[in-house]
Amino acid sequence: MAFAAAGLLLCGITVSTPFLSVLLLGGAQASHVGSGAWAFLDEGLWMLSLMLLVTVVLVPLARLGLRVVVLGGLRQARPPRWLFLPLRWHEALTAWSMLEIFLLGALVSCIRLDAVADVHFGLAAYALGATVLATLVADAAFQSQAAWDALEECGAIAMPGHTPPSALGPSAVIACPCCRRLSPTVQGAPCARCGTPLHRRTPASLACTTALLLAAALLYLPANLLPVMIVTSLGQGGAHTILGGLAEFVQAGYWPLAVLGFLASVVVPLLKLVGLTILAWLTHRRSTWALPLRTRFYHLIKVTGRWSMVDVFVAAVLVALVRFGALASITAGAGAAFFGAVVILTMLATEAFDPRLMWDALDDGVAPLEGAR
């Protein structure tokens, strides 16, 4: 509770105070954490603007606020019955809070600018580091399963007094994907604890995963071939692709940043596309090959996939800061929009894929896989 409240306060400071400022040839430009969103919007890249605003401002504030509401409600003598709703939303928003990734993108941007301009940190920069630290500690201390158990014990559940059908056999026991409660119930019925519709397997999982992967694959090439940023200096401009930016780091001697950028911007997106495609194909074929390894690989993809957003955040910081007209300016290119779409689509594909479908191949004489039709 203490770290969640501190993180919420620090997050408010982060999004409301000056973040970075840059001095270049006598000119000065300052920015806030959300300035990149408005810069993207000015250039017609509304999707990138919305993506930045949601993942860096709205979701972190909402997630910390929901956690404070849940933990504060549980401390009351009679917790309100609606507490399951904020906890359910808190669980759903976890993957889309990206303050720590934005912090990494800001550090990379400062290193790129430091060679040509004077970069100064505002109050929000220090608050951002403190917010990330407080959030990490709060996440480590918070056990969502314990919160769900406490809600059920105090009666703050979606269906109070709900009695599962006792006539159903063991095969009808379904695990809730949100609160992980095991319920003997029928397909499509709401979870008695959090109200989430229950299904033995995610409906149309393979079909949705395949469609999202196909869309991401179509956007992957333009994301890497089109310029992510267009840098103009003294009236002359040059386009910078993802690989071009990595080459600049190598030439400048920033090998660690080049390796980090290569992993986050090239390896991870490609790993997600190829890896999820292989997992979906093997699941469709009902293969039992290396099931434990495939399950660990799926969770690795799920954890690392969001870090590919670092390139989008680098562009957001630079576009918001370097706006000196003909003297020097940086604008976002179409490649940034395509790359952001690839990251979001692969994250949605990861969420759509149900890893339990892989293990159904061990069952003999079962009905066809749900979602494989």
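A brief look at the structure comes next. None of the values given here were measured: they were computed from a predicted structure.

The rules we used
Residues numbered from 1 in each chain as written. Predicted model: local features only at pLDDT ≥ 70, side-chain atom pairs only at ≥ 80, totals over all residues. Heavy atoms only, no water. Helix = DSSP H or I, 4+ residues; strand = E, 2+ residues; numbered from the N terminus. Rg over C-alpha atoms; globule rule 2.2 N^0.38 Å. Buried < 20%, exposed > 50% of the residue type's maximum accessible area, 1.4 Å probe, protein only. Areas by Shrake-Rupley, 256 points an atom, 1.4 Å probe, with all protein chains shown as cover. Lys, Arg positive; Asp, Glu negative; His and termini not counted. Charge placed at Lys NZ, Arg CZ, Asp CG, Glu CD. Pairing = 2+ DSSP bridges. Axes fitted to C-alpha atoms, helices over the stretch in contact; angles between N-to-C directions. Core = buried A, V, L, I, M, F, W, Y, C linked by side-chain atoms within 4.5 Å. Contact = heavy atoms within 4.5 Å. Expected span 1.5 Å × (residues − 1). Patch = residues over 30% accessible without salt bridge, like charges linked within 9 Å, V, L, I, M, F, W, Y side chains within 5 Å. Salt bridge = Lys/Arg side-chain N within 4 Å of Asp/Glu carboxyl O. 1 Å grid on protein atoms, 1.4 Å probe; cavity = no way out; pocket = protein on both sides within 12 Å on 5 of 7 lines; lining within 4 Å. Points joined across faces, edges and corners; volume = space filled by probe spheres on them. Nonpolar A, V, L, I, M, F, W, Y, C, P; charged D, E, K, R; others polar. Bend = angle between axes of the 7 residues up to and from the residue. Phe/Tyr/Trp six-rings, centres within 6.5 Å; stacked < 30°, edge-to-face > 60°.

Turning to the overall build of the chain, a few remarks are in order. When its secondary structure is counted, the chain shows 14 helices and eight strands. Radius of gyration (C-alpha) of the chain: 23 Å, near the 21 Å computed for a compact globule of 373 residues. When its C-alpha atoms are laid out on the principal axes, the chain stretches across 80 × 55 × 35 Å. Residues counted as buried form 46% of the 373 residues belonging to the chain. Just so you have it, the chain exposes about 17400 Å², and 69% of that area is on carbon and sulfur atoms. The centroid of the 22 positive side-chain charges in the chain is displaced by 9 Å from the centroid of its 18 negative side-chain charges.

The alternating pattern of strand 1 (residues 20-24) places Leu20, Val22 and Leu24 on a buried face, while none of Ser21 and Leu23, on the opposite face, is buried. Here five bridges tie strand 1 to strand 2 (residues 27-31), and the two strands are oriented antiparallel to one another. From the neighbouring strand, serine 21 faces strand 2, where its bridge partner is alanine 30. Hairpin geometry of strand 1 and strand 2 is characterised by an intervening segment of two residues between the two adjacent antiparallel strands and by a positive phi of about 50 degrees at leucine 25. Pairing geometry for strand 1 and strand 3 (residues 118-121), over four bridges, is antiparallel. Across the sheet, residue valine 22 finds its bridge partner in strand 3, namely valine 119.

Another aspect to go through is the sheet that holds strand 2. Spatial ordering of the open sheet is given by 2-1-3, a layout of three strands whose pairing is antiparallel. Unpaired on one side and paired on the other, strand 2 and strand 3 mark the two borders of the sheet. The sheet shows a mean angle of 20 degrees between the axes of neighbouring strands, taken without regard to direction.

Let's shift gears to the nonpolar core. Core analysis: the largest hydrophobic core is formed by 78 residues, its most contacted members being Phe19, Phe40, Leu48, Leu52, Phe102, Met309 and Phe313. Looking at which element gives the most residues to this core, the answer is helix 12 (residues 310-321), with 10 residues. Sequence-distant contacts of phenylalanine 40, that is, excluding residues within four places in its chain, are made with Leu45, Leu48, Ser49, Leu52, Val312, Ala315, Ala316, Val319 and Ala332. Judged by nonpolar contacts, the second largest core, of 17 residues, contains Leu83, Phe142, Cys179 and Cys191.

Every α-helix carries 3.6 residues per turn, so stepping three or four residues along brings you back to the same face. Look at helix 13 (residues 334-352): 27 Å from first C-alpha to last across 19 residues, which is about the 27 Å you get at 1.5 Å a residue. Counting buried residues in helix 13 gives 15 out of 19 residues, a clear majority hidden from the surface.

Where nonpolar side chains cluster on the molecular surface, the patch consists of Leu243, Val259, Phe262, Leu263, Val267 and Leu271 and spans about 470 Å² of accessible area. The dominant element in the nonpolar patch, judged by the number of residues it contributes, is helix 10 (residues 255-284), at five residues. Tracing the backbone through its elements, the reader meets phenylalanine 262 in helix 10. With a relative accessible area of 40%, phenylalanine 262 lands in the partly exposed category.

What follows covers empty space enclosed by the protein. Applying the stated criterion across every chain yields a total of five cavities of 30 Å³ or more. Here the largest cavity defines a volume of roughly 220 Å³. As for the largest cavity, its lining consists of 20 residues, and the residues nearest its centre are Val108, Arg112, Leu246, Phe249 and Asp311. At the level of elements, helix 5 (99-114), helix 9 (242-252), helix 10 and helix 12 are the ones that each hand at least two residues to the lining of the largest cavity. Counting residues per element, the lining of the largest cavity draws most heavily on helix 10, which supplies five residues. Estimated volume of the second largest cavity: approximately 70 Å³. Around the second largest cavity, the lining residues are Pro60, Arg63, Leu64, Ser97, Leu99, Glu100, Val132, Thr135 and Leu136.

Our next topic: the layout of surface pockets. Looking at the largest pocket, its volume works out to about 1400 Å³. Along the wall of the largest pocket there are 33 residues; nearest its centre are Glu91, Pro177, Cys178, Lys302 and Glu351. Those elements that place two or more of their residues in the lining of the largest pocket are helix 4 (84-93), helix 11 (291-304) and helix 13. For the lining of the largest pocket, the residue count by class is 18 nonpolar, six polar and nine charged.

On to helix 3 (residues 46-74), then. Taking 1.5 Å of rise per residue, 29 residues should cover 42 Å, and helix 3 covers 40 Å from first to last C-alpha, within 8% of that figure. Within helix 3, the axis deviates most sharply at valine 54, by approximately 40 degrees.

Relative to the assigned elements, isoleucine 230 resides in strand 6 (residues 229-233). Here isoleucine 230 falls in the partly exposed class, since its relative accessible area comes to 32%. For the pair isoleucine 230 and alanine 334, spaced 104 residues apart in the sequence, the C-alpha separation amounts to 9.8 Å. Aside from chain neighbours lying at most four places away, what touches isoleucine 230 is Gly238, Ala239, Ser329, Ile330 and Thr331.

Below, the discussion takes up the packing of aromatic side chains. What characterises a pair of aromatic rings is the spacing of the ring centres plus the angle enclosed by the ring planes. Inspection of the entire model under this criterion finds four aromatic pairs. Relative to phenylalanine 102, the ring of phenylalanine 19 has its centre 5.7 Å away and its plane inclined at 35 degrees; by these criteria the two rings are tilted. Placement of the pair is phenylalanine 19 in the loop between helix 1 (2-16) and strand 1 and phenylalanine 102 in helix 5, with a sequence separation of 83 residues. Aromatic pair phenylalanine 102 and phenylalanine 313: ring centres 5.5 Å apart, planes at 70 degrees, arrangement edge-to-face.

Distances and angles like these do not, on their own, reveal function.
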